[in-house]
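Coordinate analysis (summary)
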Amino acid sequence: MESRLTRWLLGIWTFLVLLFLFVPVAIIVVYAFNSSNIQSWPIPGLSLKWFGSTWHNQEVRTALWLSIKAALLATTLSVLLGSAAALAVHRFRFFGRDAVSFIVVLPIALPGVITGIALNSFFGFWHFGLSYWTIVIGHTTFCIVIVYNNVIARLRRIPGSLRDASMDLGADGFATFRRITLPMLSTALLSGALLAFALSLDEVIVTTFTAGAQNTLPLWIFGAIRLGQRLPEVNVVVTVVMLATVIPVILAYRLMNQTAADSGK
Amino acid sequence: MSQGAAIDHAPPARLGRRLSAMLWRRPRWAAAALLVPPMGWFVLIYLAALVTLFVAAFWQVDDFTGEIIHRWTLRNFETLATSPTYRTIALRTVGIAAAVTVTDIVLAFPCAYFMARIAGPKLRATLFTLMLLPIWLSYIARVYAWRLILAHDGVLNWALGEVGLPPANIGYTNIAMWLVFSYIWLPFMITPIYAAIERVPGSLFEASADLGARGLRTFTKVTLPLVVPGIIAGSIFTFSLTLGDYITPVLIGGTGSSFIGNVVYANVGIANDIPFAAAFATIPAVVMLIYLSIARRLGAFEML
């Protein structure tokens with residue numbers, strides 16, 4: 001096994017990587033409480049005044065509402081489509097079965113700008129104006145894989161004998177699905193939904209190509225940073241968004257790692 | 001199918017039961033019912049969009065009207081092949097994507113190894129959540145954080161000043177982009193490597209040691225070859241995500257550091273030359289499709 005020294009060095013390395021990952025996040029949180037509107041370090045003093053002005057910013061509100069509406073529908077669609085695909089791949093043998101997991105992962109495995117411009121030229125070709133619906137279509141396409149991966153990982157851990165037992169006891173296919181499979185999948189579905197929601201809420205690259213003139217929250221942030229306008233409010237928005245994401249994501253990971261037996265209860 | 005259960009059910013349930021029995025006898029129908037909606041979505045929207053993109057790359061825009069003409073031409077590809085500007089941009093994009101991938105492998109491997117083989121179960125679970133958390137924290141916020149850190153009067157130069165060093169001034173350079181991309185995509189490298197190391201049975205390391213291999217030899221002859229699929233799985237993300245980005249070049253790279261994505265974005269928005277944007281986008285698309293099919297052969301998809 002590894003020597004004591006190796007173990008220490010690996011531990012220190014891991015700790016430094018954690019610092020690297022989280023120090024920038026901490027810095028931006030500090031900037032949100034900056035009393036000055038100039039973004040320099042160290043900040044001259046602490047203040048809550050930007051939280052108030054952000055709350056009253058109509059552009060932020062509109063963008064946030066559009067983001068939430070799009071994320072809700074995209075999450076719902078990707079839960080339905082992603083779990084259907086996972087159930088089919090898990091239970092049946094069919095031609096092209098191996099290709100399914102390849103196709104669903106493509107929208108996130110191909111560079112984002114390709115998915116973006118592909119959808120953009122597709123909508124353009126059919127003269128389908130960019131709207132709320134095109135945002136939802138784009139987000140659903142790359143969120144499906146999150147739900148799919150979560151559900152298929154869980155299905156692999158559910159023993160097939162449970163389904164057989166249910167059928168032997170006289171339940172039909174639908175009753176077995178409703179009373180055995182679905183309860184065992186529920187936490188995987190919930191964690192998939194939470195992560196899909198988080199991804200949809202945060203996506204910028206594909207969204208710029210499918211949103212047209214509208215602003216989702218990340219698009220508003222991008223525009224504001226690029227123009228160098230309203231930066232104190234940008235600090236507040238990103239801080240609030242990050243803090244609001246932490247809890248659902250940690251919850252999602254706990255749900256994901258539950259064993260199939262736990263979730264059946 | 002027992003008699004008692006059938007009697008308990010009211011007529012509508014009976015219909016459900018008949019349907020269920022029918023689907024049981026004809027599993028193709030059940031499979032089709034589950035598969036058609038998701039695959040229909042991907043084929044009719046996503047794959048159709050990718051095909052539109054490839055076809056559009058061979059169209060052109062009328063110089064006077066700005067309308068797209070559906071006539072086959074290689075003009076876009078000729079422009080790309082002959083223009084030194086676009087060649088520089090393509091090379092910069094691929095070069096930085098490769099550098100980011102290598103950097104992330106180096107940063108991630110020791111962490112993944114520590115998590116999988118040294119940390120106890122509790123610490124492992126905590127580290128796993130912490131390492132992955134940044135993926136879900138706002139992407140644009142994390143890029144913006146670096147813009148603030150690398151600015152002239154930002155944290156980096158302040159810290160350097162405190163220890164008596166001259167300011168670094170790496171903001172708005174290729175080095176800054178390399179740093180920020182490595183930061184942003186690092187978590188995508190840690191998970192698959194971790195998954196790959198965790199799959200290696202501990203007995204293999206013991207066997208290697210019993211057969212007289214020292215630590216380094218076990219690492220190069222046992223650990224590394226078995227972890228390669230995980231590294232490839234991670235590199236799909238770090239490489240592809242960097243190739244397809246245009247936000248970080250705008251916010252961190254500044255002028256003169258355009259990526260393929262920036263040219264694509266500019267041609268869709270301002271210049272409105274979608275065929276040219278499509279042609280340029282086919283370069284990373286083809287690179288990634290080749291890369292993905294190799295990765296699939298090597299079993300990297302099980303690590304995603």
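Residues numbered from 1 in each chain as written. Chains lettered and ligands numbered in written order. Predicted model: local features only at pLDDT ≥ 70, side-chain atom pairs only at ≥ 80, totals over all residues. Heavy atoms only, no water.

1. Digging into empty space enclosed by the protein
One pass over the structure, following the stated rule, counts three cavities of 30 Å³ or more. In this structure, the largest cavity occupies an estimated 90 Å³ of space. Those elements that provide at least two residues to the lining of the largest cavity are helix 8 (173-202), helix 10 (217-227) and helix 11 (231-256) of chain A. The computed volume of the second largest cavity comes to approximately 40 Å³. Lining the second largest cavity, in full, are Trp146(B), Arg147(B), Leu150(B), Gly171(B), Tyr172(B), Leu251(B) and Ile252(B). Put simply, the parts of the chain that give the lining of the second largest cavity at least two residues each are helix 7 (139-150) and helix 12 (247-253) of chain B. Looking at which element gives the most residues to the lining of the second largest cavity, the answer is helix 7 of chain B, with three residues. The residue makeup of the lining of the second largest cavity, split by class, is five nonpolar, one polar and one charged. (1 Å grid on protein atoms, 1.4 Å probe; cavity = no way out; pocket = protein on both sides within 12 Å on 5 of 7 lines; lining within 4 Å. Points joined across faces, edges and corners; volume = space filled by probe spheres on them. Helix = DSSP H or I, 4+ residues; strand = E, 2+ residues; numbered from the N terminus. Nonpolar A, V, L, I, M, F, W, Y, C, P; charged D, E, K, R; others polar.)

2. Re the layout of surface pockets
Approximately 570 Å³ is the volume found for the second largest pocket. Arg91(A), Gly173(A), Phe177(A), Ala30(B) and Leu34(B) are, among the 21 residues lining the second largest pocket, the residues nearest its centre. Ranked by residues supplied to the lining of the second largest pocket, first place goes to helix 8 of chain A with eight residues. Counted by class, the lining of the second largest pocket contains 14 nonpolar, five polar and two charged residues.

3. Here we look at the interface of chain A and chain B
Opposite the 87 residues of chain A that make contact, chain B presents 93 residues. The junction of chain A with chain B conceals about 8500 Å² of combined surface from both sides, 81% of it contributed by carbon and sulfur atoms. Counting across the interface, chain A meets chain B through zero salt bridges. Put simply, chain A and chain B have eleven residue pairs in polar contact (both at pLDDT 80 or more) between them. If you tally residues by element for the side of chain A that touches chain B, the top one is helix 1 (residues 4-32) of chain A, at 15 residues. Looking at the side of chain A that touches chain B residue by residue, the classes come out as 66 nonpolar, 15 polar and six charged. (Contact = heavy atoms within 4.5 Å. Buried area = accessible area lost by both parts, 1.4 Å probe. Salt bridge = Lys/Arg side-chain N within 4 Å of Asp/Glu carboxyl O. Polar contact = N/O pair within 3.5 Å; in protein donor to acceptor, adjacent residues only side chain to side chain.)

4. With respect to the domain arrangement of chain B
By a widespread convention, an interface's size corresponds to the accessible area lost as its parts come together. For chain B, the assigned domains read domain 1 (3-56) and domain 2 (84-303). Between domain 1 of chain B and domain 2 of chain B, the C-alpha centre-to-centre distance is 39 Å. (Domains from an automatic or database assignment.)

5. A look at the packing of aromatic side chains
Following the criterion strictly, the structure yields 26 aromatic pairs over all chains and no others. Measuring from centroid to centroid gives 6.0 Å for Phe122(A) and Phe123(A), while their planes differ by 55°, and the two rings are tilted. Given a relative accessible area of 4%, Phe123(A) falls into the buried group. Here a set of aromatic residues connected by ring pairs shows up, and it is made of Phe209(A), Phe222(A), Tyr246(B) and Tyr265(B). Geometry around Tyr132(A) places Lys69(A) over its ring, the cationic atom sitting 5.4 Å from the centre. Across from the ring centre of Phe102(A), 5.0 Å away, lies the NZ or CZ of Arg296(B), which sits over that ring. (Phe/Tyr/Trp six-rings, centres within 6.5 Å; stacked < 30°, edge-to-face > 60°. Buried < 20%, exposed > 50% of the residue type's maximum accessible area, 1.4 Å probe, protein only. Lys NZ or Arg CZ within 6 Å of the ring centre and 35° of its normal.)

6. Description of helix 6 (residues 121-136) of chain B
Between its terminal C-alpha atoms helix 6 of chain B stretches 23 Å, which fits the 22 Å expected from 16 residues at 1.5 Å a residue. Here helix 6 of chain B has its buried residues at Leu127(B), Phe128(B), Thr129(B), Met131(B), Leu132(B), Leu133(B), Pro134(B), Ile135(B) and Trp136(B). (Expected span 1.5 Å × (residues − 1).)

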